[in-house]
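# Coordinate analysis (summary)
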Amino acid sequence: MAVAAVRAVATTFRRSSGFLEGSRPLSTSSASQQKFNVPPSGNDLPRPGGIASMMRLPVQNDTQGLDACFVGIPLDIGTSNRSGTRFGPRQIRTESVMLRPYNNWTGAAPYDSLQVADIGDVFLNMYDLKDAVKNIRDAYTKIVANGCKPLTLGGDHTLTYPILQAIKDKHGPVGLVHVDAHADTHDQMGNEKVAHGTPFYRAVDEGLLDCNRVIQIGLRGTGYTDYDYDWSRSQGFRVVQAEEVWYKSLAPLMEEVRAQMGDGPVYLSFDIDALDPAYAPGTGTPEIGGLTSHQGLEIIRGCRGLNLVGGDLVEVSPAYDPSGNTALTAANLLFEMLCVLPGVQYRRG
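For every chain, the first residue of the written sequence is number 1, and numbering continues from 1 onward in sequence order. In view of the model being predicted, local features appear only for residues whose pLDDT reaches at least 70, and side-chain atom pairs are presented and counted only at 80 or more, with totals across whole chains, interfaces and linings using the full set of residues. The basis for every side-chain value is the complete set of non-hydrogen atoms in the structure, without hydrogens or water.

## Quick word on the layout of surface pockets
For clarity, the threshold we go by: Each cavity reported here is a set of points on a 1 Å grid over the protein atoms alone in which a 1.4 Å probe fits but cannot get out, each pocket an open set with protein on both sides within 12 Å along at least five of seven lines, and each lining residue one with an atom within 4 Å of a point. Grid points are joined across faces, edges and corners, and a volume is the space filled by probe spheres set on the points. Polar here means any residue other than Ala, Val, Leu, Ile, Met, Phe, Trp, Tyr, Cys and Pro, which are nonpolar, and Asp, Glu, Lys and Arg, which are charged; Gly is therefore polar.
In this structure, the largest pocket occupies an estimated 650 Å³ of space. The wall of the largest pocket is formed by 27 residues, among which His-182, Asp-184, His-186, Tyr-224 and Asp-228 lie closest to the centre. Among the residues making up the lining of the largest pocket, the classes are represented as 8 nonpolar, 11 polar and 8 charged.

## Remarks on empty space enclosed by the protein
Under the convention used in this document: In this text, helices come from DSSP runs of H or I with a minimum length of four residues, and strands from runs of E with a minimum of two, each type numbered from the N-terminal end.
Overall, the coordinates contain 1 cavity of 30 Å³ or more when judged by the stated rule. Its volume calculated, the largest cavity comes out at about 30 Å³. For the largest cavity, the full set of lining residues is Gln-91, Val-316, Pro-318, Asp-321, Gly-324, Asn-325, Thr-326 and Ala-327. At 3 residues, the largest contribution of residues to the lining of the largest cavity is made by helix 9 (residues 325-339). When grouped by side-chain class, the residues that make up the lining of the largest cavity number 3 nonpolar, 4 polar and 1 charged.

## As for helix 4 (residues 160-171)
Here is the rule: A helix is expected to reach a length of 1.5 Å times the quantity of its residues less one. The cut-offs for exposure are 20% and 50% of the maximum accessible area for each residue type, with area from a 1.4 Å probe on protein chains only; residues under the lower value are buried, those over the upper are exposed, and the others partly exposed.
Taking 1.5 Å per residue as the helical rise, helix 4 with its 12 residues ought to reach 16 Å, and the 15 Å between its terminal C-alpha atoms agrees with that figure. Regarding helix 4, the residues found buried are Thr-160, Tyr-161, Pro-162, Ile-163, Leu-164, Gln-165, Ala-166 and Ile-167. One or two steps after helix 4, the chain reaches Gly-172, where phi turns positive at roughly 85 degrees.

## Here we look at the pairing of strand 4 (residues 174-179)
For clarity, the cut-off: By definition, two strands form a pair when at least two bridges between them are found by DSSP. Call a crossover right-handed when, viewed with both strands pointing away from you, the route from the first strand across the helix to the second goes clockwise.
Extensive coverage of strand 4 is indicated by the burial of 6 of its 6 residues. For strand 4 and strand 5 (residues 209-219), the ladder comprises 5 bridges, and the chain directions are parallel. Paired with Val-177 across the two strands is Ile-215, which belongs to strand 5. One crossover worth recording links strand 4 to the parallel strand 5 by way of helix 5 (residues 199-205), and it is right-handed. Bridge analysis of strand 4 against strand 7 (residues 265-271) gives 5 bridges, and the strand direction is parallel. Paired with Gly-175 across the strands is Val-266, a residue of strand 7.

## So, helix 8 (residues 293-301)
Counting along an α-helix, one turn takes 3.6 residues, and residues three or four places apart therefore face a common direction. In plain terms, the rule: Working definition: the arc comes from the directions between the helix axis and the C-beta atoms, pointing outward to the latter. A contact between two residues is defined here by any heavy atoms of the two lying within 4.5 Å.
Buried within helix 8 we find Gln-295, Gly-296, Ile-299 and Ile-300. Projected down its long axis, helix 8 shows its buried positions confined to an angular sector of 135 degrees, all on one face. Against strand 4, strand 5, helix 7 (251-261), strand 7 and helix 9 lie the buried residues of helix 8.

## Describing the packing of aromatic side chains
Stated precisely, the cut-off is as follows: Stacked, edge-to-face and tilted are the three classes for Phe, Tyr and Trp ring pairs, Trp counted by its six-membered ring, which pair at centre distances within 6.5 Å; planes under 30 degrees apart are stacked, over 60 edge-to-face, the rest tilted.
This model, assessed by the stated rule, comprises 3 aromatic pairs. Ring centres 6.2 Å apart and planes at 85 degrees place the aromatic pair Trp-231 and Phe-237 in the edge-to-face group. Phe-237 gets classed as buried once you look at its relative accessible area, which sits at 5%. Here the aromatic rings of Trp-246 and Tyr-247 are separated by 6.3 Å at their centres, their planes lie at 70 degrees, and the arrangement is edge-to-face. On the accessibility criterion, Trp-246 (37% relative accessible area) is partly exposed. According to the relative accessible area criterion, Tyr-247 is exposed, its value standing at 82%.

## Section: the nonpolar core
Selection criterion: The definition of a nonpolar core used throughout is a set of buried Ala, Val, Leu, Ile, Met, Phe, Trp, Tyr and Cys residues joined through side-chain atoms within 4.5 Å.
Ranked by internal contacts, the top residues of the largest apolar core, which has 51 residues, are Phe-70, Val-177 and Leu-338. It is helix 9 that provides the largest number of residues to this core, a total of 9 residues. Not counting residues up to four positions away in its chain, the partners in contact with Phe-70 are Met-54, Leu-57, Tyr-111, Val-116, Ala-117, Asp-118, Ile-119, Gly-120, Leu-151, Leu-153, Leu-334 and Leu-338. Within the second largest apolar cluster, 38 residues are counted, among which are Leu-129, Ile-136, Val-144 and Val-204.

## Overview of the side chain of Ser-269
By the element assignment, Ser-269 lies in strand 7. Those residues in contact with Ser-269 that sit more than four places away from it in its chain are His-157, Thr-160, Leu-176, Val-177, His-178, Val-179, Phe-200 and Asp-312.

## What to know about the sheet that holds strand 4
Hydrogen bonds between backbone atoms are what pair the strands of a sheet, whose relative direction is either parallel or antiparallel. Put simply, the test is: Fitted lines through C-alpha atoms give the axes, limited to the stretch in contact for helices. The angle between two N-to-C directions lies from 0 to 180 degrees.
Taken together, the 8 strands give an open sheet; going across it, the order is 2-1-3-8-7-4-5-6, and neighbouring strands pair in parallel fashion. At either margin of the open sheet sits one strand with a lone partner, and together these are strand 2 (116-121) and strand 6 (238-241). Shown here is a sheet whose adjacent strand axes are inclined to one another by a mean of 15 degrees, direction ignored. Sheet topology note: the strand 1 (residues 68-73)/strand 2 ladder contains 4 bridges and is parallel. Bridge pairing links Gly-72 to Asp-121 in strand 2. Against the sheet, helix 2 (residues 88-95) contacts strand 1, strand 2 and strand 3 (149-154), and its axis sits at roughly 105 degrees relative to strand 3. Across the sheet, helix 9 touches strand 1, strand 2, strand 3, strand 7 and strand 8 (307-314), and the angle it forms with strand 8 is around 175 degrees.

Here you go:
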């Protein structure tokens, strides 16, 4: 492609689309030559090379023709402790070069049956959290309009609130599988009703959730009172504290979760701090005694069969993990989310 043509394509990306101007690089492969987009092999494109999209997938400006998409939200102005999650989406994409298109354990082959692309990052007002939340809701209203299922790279957990607003407008109140060290059910933080510790209070307050189909897994850490989780339970949420599942497989729990969720629409929100800091130190509010990485895999794989309408992986703060392993873990968990979306073909299992 001529340089002039490349420049012409680049100039078509505008803030009015709801995404960062110029945030989408050119495709790594020709979609016209194959039915579904497939990440390139490390034998065809060296892992350090290529465009830094999620799994080096092709990129596009919107969700036209897509069954699912990866989308970034570089947000950290809702954080209460260590910031830096604005760089999470970029680092997750960078580490995702290690991922391959087939799930060797479950047999899932998402690129055999789903059209998937990276649609870049949502445009945000980085100086006004309330306006940023509006930016996210507006962008996701467009993303889900045609039934595309977004898998979000975060970004602090504030972002789940406006996503659920857009999801509710499309699908109605949803069930929720919430994996986290923290309940995120404060009414306010520092006299502010919108922050990374308030999204699920706001979601209940606005009728975004089907509260009898909500589970919170991995909650732990020191608290302010002896009734920190009572509000969740009083809404109908099931709460599974981390200590309840120490040394255990979570496969039996996920059987119960599938029964709880039924056939209705479900959203999956996974805060990386649900995992013990030994596995994921690169986050803003780490808590010891967390889930293991294989328990994280069991939770997501246990969502197979649910009517998932989207998911997110939040609170990756790369500066606190120079090894990159937290972002690498996040990239793997996002791929596992893709593998359990409705419509994914399994070559075995």
